[in-house]
Amino acid sequence: MAAVTICIAAIAPAYAQDPSDAPPADADFMPDPRTEAPLDEEALRAAFSGQTHLGTYNFKRPEIDTFSFRETTSANGTTRHYHGDKIDTGTWRIMSNVICFTYDNWNGGIHRACFNIFQRGNCYYHYALNQNGNFTARSVHAGETPDCEPAMV
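Parameters at a glance
- Counting of residues starts from 1 at the beginning of each chain's written sequence and follows it residue by residue.
- Given that the model is predicted, a residue must reach a pLDDT of at least 70 before its local features are reported, and side-chain atom pairs must reach 80 or more before they are shown or counted; all residues, however, enter totals for whole chains, interfaces and linings.
- The basis for the side-chain values is all heavy atoms of the structure; hydrogens and waters are excluded.
- One bridge is not enough; two strands pair if DSSP finds at least two bridges between them.
- Counting from the N terminus, the helices are the DSSP runs of H or I reaching at least four residues and the strands are the DSSP runs of E reaching at least two.
- Just to be clear on terms, a salt bridge is a Lys or Arg side-chain nitrogen sitting within 4 Å of an Asp or Glu carboxyl oxygen.
- For every residue, the accessible area obtained with a 1.4 Å probe (protein chains only) is divided by the maximum for its type, and the residue is called buried under 20%, exposed over 50%, and partly exposed between those limits.
- By the convention used here, residues are in contact when the closest approach between their heavy atoms is within 4.5 Å.
- Here a polar contact is taken to be a pair of N or O atoms separated by no more than 3.5 Å, where protein atoms must pair a possible hydrogen donor with a possible acceptor and residues adjacent in sequence count only if both atoms sit in side chains.

**Q** Can you help me understand the pairing of strand 4 (residues 86-95) in this one?
**A** Each regular strand displays side chains that alternate between the two surfaces of the sheet. Where strand 3 (residues 78-83) and strand 4 come together, 6 bridges link them in antiparallel fashion. Paired with threonine 79 across the strands is glycine 90, a residue of strand 4. Remark: 2 residues form the turn of the hairpin made by strand 3 and strand 4, two consecutive strands paired antiparallel; glycine 84 in that turn has positive phi of roughly 60 degrees.

Structure follows, in structure tokens:
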């Protein structure tokens with residue numbers, strides 16, 4: 001079976017972002033991927049293996065009227081992603097300081113994306129490898145109260 005990888009952040013360029021719709025950004029609190037190191041492999045495994053993350057995107061998919069998502073990254077390498085009324089399934093893996101996702105039914109096809117993840121408090125900031133500057137999503141483990149800025153919507 002061929003391994004497939006994807007990261008949620010890589011979908012952002014495919015959709016136009018209306019800045020008035022995006023959650024506000026606090027530049028003093030945000031990670032700076034140009035000067036900071038992302039989480040390493042060990043930290044990524046602890047943060048994602050067998051975990052459910054609740055989060056918000058920094059953009060909206062045209063057919064979904066919410067920024068919020070929930071994703072479970074099972075220890076066996078499978079993932080289940082809920083965004084609005086869409087459920088996407090696939091696989092995830094970690095290579096060094098990068099986490100990658102592959103969804104087998106994303107808008108009717110396969111979608112792959114990889115991210116660097118940065119942590120602030122108990123929040124995880126997802127930066128797509130193919131983007132510069134803005135984070136794609138923020139998340140926190142299910143059951144935790146986010147202590148990150150900007151406040152998660």
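Text resumes after the structure shown.
**Q** Before we go on, may I ask you to explain the pattern of salt bridges in this structure?
**A** In total, this model carries 3 salt bridges according to the counting rule given. Measuring nitrogen to oxygen at the nearest pair gives 3.0 Å for the salt bridge that ties aspartate 32 to arginine 34. The partner of glutamate 41 in a salt bridge is arginine 45, and the shortest N-O contact between them spans 3.2 Å. Note that glutamate 41 and arginine 45 are positioned in helix 1 (residues 41-48) at a spacing of 4 residues, about one turn of the helix. A relative accessible area of 37% places arginine 45 in the partly exposed class.

**Q** What am I meant to see in the environment of glycine 84 here?
**A** The topology assignment puts glycine 84 in the loop between strand 3 and strand 4. Taking the C-alpha atoms as reference points, glycine 84 and glutamate 63, 21 residues apart in sequence, are found 9.0 Å from one another. Once residues lying within four places of it in the same chain are set aside, the contact partners of glycine 84 are Ile64, Thr66 and Ser68.

**Q** Teacher, can you tell me more about the side chain of serine 139 here?
**A** By secondary structure assignment, the location of serine 139 is in strand 8 (residues 137-141). Exposure remark for serine 139: the relative accessible area of 0% places this residue in the buried category. Reaching out from serine 139, the side chain makes a polar contact with the side chain of histidine 126 at a distance of 2.8 Å.

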